[in-house]
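Summary of structural features
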Amino acid sequence: MRYVVSLTIVLIALWLAVSGVYKPLLFVLGAGSVALVVWLSLRMEVVGVEHNPVLYSWRLPLYWAWLVGEVVKTNFHVAMLALTPSRIRPHIIDVPVPHRHAVAKVTYANSCTLTPGTVALHLTPETLTVHALDDRSADDLKTGAMAQRIAWLEGSERVDAQ
Amino acid sequence: MTAVLVIATMAIFATMALALIRALKGPTIYDRIVAVNVFGTKTVLVVALITYVTGHADLIDVALVYALINFIAIVAVLKLVKMRDLAKAGEGDITDG
Amino acid sequence: MAETVINVLSAIFLLAGGAFGILGGLGLLRFPDFYSRLHAAGVTETLCAVLIVLGLVLQSGFSLLTIKLLLILLFLLFTAPTATHALARAAMVDEVEPEVIAKQSSENRPAPGEPSSNI
């Protein structure tokens, strides 16, 4: 039930943010759309702990700030490689996934893909297969800094084990 | 300031041209889809830039909707290429989790 | 005064965003195989988009337009890795061989430019 409530609140906020026209008729239409989307989500069975938009509490913005820093750093690196394509040494590596929850594992794989230089090819519960553009990108991932940050992010999670 | 906006728009157009060349050259179908994906993302940015160049604030909604449609279109095309059918599931399906 | 600083900052962001876009496009054109091109596409989808959107946000201050721009950025940053992963996964299932240096044997690597069976 609390996931239905949080989804509804997020959808209402989203509707208010993109609408910009506040008249009675449009409020009715907005409420109708929110109700429709919530009903469809329930019917698709995607309302639950894994799809909760407010899962990670206050630690999420801090993680995003760190991630943006990483993205900027790796972008410069890959942009330099684009100027000298002969310097790339693509290879495929496996890195361990130490996290407990599926959301954390997927966050890890997606963060890894978001930083240029590494693309997640395949994710299993224990390992993540990554295509790295060169040694530096691979080494960045192998140090496990990103995995540690996500473990920290996961630590705040008070989800009932399902 | 308009000059800067126009220069940025031109730079994005150049990127779109490069992506189009890659889409035409291939060689695999996936190279083409990557190029089209880049083209779509750049379209969103160009529409956002044009919003500021022309001052028509309503245009930003077009960019917002395009950002969403672009993603769905890429996944749909990918599935269609792989499965030859949008409703079918099976071996090698990208939506099988 | 503050206005000028914001304008200069915004101009820097926009021009840098355009530059990263072109660099990513160049990488897309020059990298040798499909998987490395994904990285180049990543450049245009992350930093280029972030810089352009931030540059535009600085110009409009706090308004409904800003919220919409930030929403666009959020959507782009959430969908870009998902689309990239879907592409990589599809290519892997379809046995598009990556040109790798470490791991794996190199004898069944396709020659550069050789079309895959899927065309």
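For clarity, every value in this text was computed on a predicted model and none was experimentally measured.

Criteria and thresholds
- Residue indices follow the written sequence of each chain, beginning from 1 at its first position.
- Labels follow written order: the first chain is A, the first ligand is 1, and so on.
- With the structure being a predicted model, the display of local features is reserved for residues of pLDDT at least 70 and the display and counting of side-chain atom pairs for 80 or more, all residues being used for whole-chain, interface and lining totals.
- The side-chain numbers reported here are obtained from all heavy atoms of the structure, hydrogens and water having been left aside.
- Working definition: helices are DSSP H or I runs of at least four residues, strands are E runs of at least two. Numbering for both runs from the N terminus.
- Relative accessible area decides the class of each residue, using a 1.4 Å probe on protein chains only: under 20% of the type maximum gives buried, over 50% gives exposed, and in between gives partly exposed.
- It only takes one pair of heavy atoms within 4.5 Å for two residues to be counted as in contact.
- Surface accessibility follows the Shrake-Rupley procedure with a 1.4 Å probe radius. Residue values consider only the protein chains on display as shielding.
- A residue's pLDDT is simply how confident the predictor is in it, with values from 0 to 100.
- Two parts lose some accessible area (1.4 Å probe) when they are put together, and adding that loss for both gives the buried area.
- Think of a salt bridge as a Lys or Arg side-chain nitrogen and an Asp or Glu carboxyl oxygen that are within 4 Å of each other.
- Polar contacts, as used here, are pairs of N or O atoms within 3.5 Å; protein pairs need one atom able to donate a hydrogen and one able to accept it. Residues neighboring in sequence count only if both atoms are side-chain atoms.
- Here the term charged refers only to Asp, Glu, Lys and Arg, the term nonpolar to Ala, Val, Leu, Ile, Met, Phe, Trp, Tyr, Cys and Pro, and the term polar to all other amino acids, Gly among them.
- What makes two strands pair is DSSP finding at least two bridges between them.
- Here an angle of 0 to 180 degrees is reported between the N-to-C directions of two axes, which are lines fitted to C-alpha atoms, with helices fitted over the stretch in contact.
- Patch membership requires more than 30% relative accessible area and the absence of a salt bridge. Residues of like charge join within 9 Å; the nonpolar side chains Val, Leu, Ile, Met, Phe, Trp and Tyr join within 5 Å.
- As used here, the term nonpolar core means buried Ala, Val, Leu, Ile, Met, Phe, Trp, Tyr and Cys residues forming a set that is joined through side-chain atoms within 4.5 Å.
- Here a helix's expected span is defined as the number of its residues, less one, multiplied by 1.5 Å.

Remarks on the overall build of chain B
Regarding its fold elements, chain B presents three helices and zero strands. Start at the N end of chain B and walk to the C end: the helices and strands fall as α-α-α. Within chain B, the proportion of its 97 residues that are buried is 49%. Contacts spanning at least 24 positions in sequence make up 42% of the contacts within chain B whose residues lie at least 6 apart. In the structure as shown, chain B presents an accessible area of about 4500 Å², 72% of it carried by carbon and sulfur atoms.

Regarding the confidence of the model for chain A
All names here are of chain A. Residues of chain A with pLDDT of at least 70 account for 90%, and the chain-wide mean is 81. Considering each helix and strand of chain A separately, the mean pLDDT is smallest for helix H6 (residues 145–155), with a value of 80, and largest for helix H2 (residues 24–44), with 90. Between residues 156–162, whose pLDDT stays under 50, and residues either more than four places distant or in other chains, the model counts twelve contacts.

Side note on the interface of chain A and chain C
Listed as interface residues are 34 residues of chain A and, on the opposing side, 35 residues of chain C. Three residues, Ile92(A), Leu114(A) and Leu121(A), lead the burial of chain A against chain C; their summed loss comes to 17% of the area buried on that side. Where chain A meets chain C, there are zero salt bridges. One can count seven residue pairs in polar contact (both at pLDDT 80 or more) joining chain A with chain C. Elements represented by at least two residues in the side of chain A that touches chain C include exactly helix H1 (2–19), helix H3 (59–83), strand S1 (91–96), helix H4 (102–114), strand S2 (118–123) and strand S3 (127–132) of chain A. If one sorts the elements of the side of chain A that touches chain C by residue count, H3(A) sits on top with ten residues.

Let's talk about the interface of chain C and chain B
Taken together, the 49 residues of chain C in the interface contact 49 residues of chain B. Summed over the shared surface of chain C and chain B, the result is two salt bridges. Ionic pairing is found between Arg37(C) and Asp31(B), a salt bridge with its closest N-O pair at 2.4 Å. Here chain C is connected to chain B by ten residue pairs in polar contact (both at pLDDT 80 or more). With 16 residues, helix H4 (residues 64–93) of chain C is the single largest residue contributor to the side of chain C that touches chain B. Within the side of chain C that touches chain B, the residues separate by chemical class into 31 nonpolar, 13 polar and five charged.

Quick look at the pairing of S3(A)
Residue and element names in this part refer to chain A. Counting buried positions over the six residues of S3 gives five, a clear majority of the element. Pairing between S1 and S3: six bridges, direction antiparallel. Pairing of histidine 91 across the sheet is with alanine 132, part of S3. Two strands pair when backbone bridges link them, and S2 and S3 are joined in this way by five bridges, in the antiparallel orientation. Bridge assignment links leucine 123 to a residue of S3, and that residue is leucine 128. Where S2 folds back on S3, the antiparallel hairpin that results is connected by three residues.

Digging into the sheet that holds S3(A)
Residue and element names in this part refer to chain A. On the basis of which strands lie adjacent, the open sheet formed by three strands has the order S1-S3-S2 and antiparallel pairing. Looking along the sheet, the strands with just one partner apiece sit at the ends: S1 and S2. The sheet shows a mean angle of 30° between the axes of neighbouring strands, taken without regard to direction. Sitting on the sheet, H4 is in contact with S1, S2 and S3, with an inclination near 145° to S2.

Observations concerning a nonpolar patch on the surface
A cluster of nonpolar side chains, namely Ile12(A), Leu16(A), Tyr22(A), Phe27(A) and Leu64(C), defines an oily patch on the protein surface of about 420 Å² accessible area. If you trace the backbone, Leu64(C) turns up in helix H4.

Observations concerning the nonpolar core
Judged by nonpolar contacts, the single largest core of 67 residues is most densely connected at Phe34(C) and Leu56(C). For this core, the element with the highest residue contribution is H4(C), accounting for twelve residues.

A few points about helix H3 (residues 59–83) of chain B
A turn of α-helix holds 3.6 residues, and therefore any two residues three or four places apart point the same way. Look at H3(B): 36 Å from first C-alpha to last across 25 residues, which is about the 36 Å you get at 1.5 Å a residue. Turning to H3(B), its buried residues number three or more, namely Ile60(B), Ala63(B), Leu64(B), Ala67(B), Asn70(B), Ile74(B), Leu78(B), Lys79(B), Val81(B), Lys82(B) and Met83(B). Buried residues belonging to H3(B) abut H1 of chain A, helix H2 (29–54) of chain B together with H4 of chain C.

Considerations on helix H2 (residues 34–45) of chain C
All names here are of chain C. Given a rise of 1.5 Å per residue, twelve residues ought to cover 16 Å, and the 16 Å separating the end C-alpha atoms of H2 matches this to within 8%. The buried fraction of H2 amounts to twelve of the twelve residues, a majority that puts the element mostly inside the structure. When we look at burial in H2, the residues that qualify are Phe34, Tyr35, Ser36, Arg37, Leu38, His39, Ala40, Ala41, Gly42, Val43, Thr44 and Glu45.

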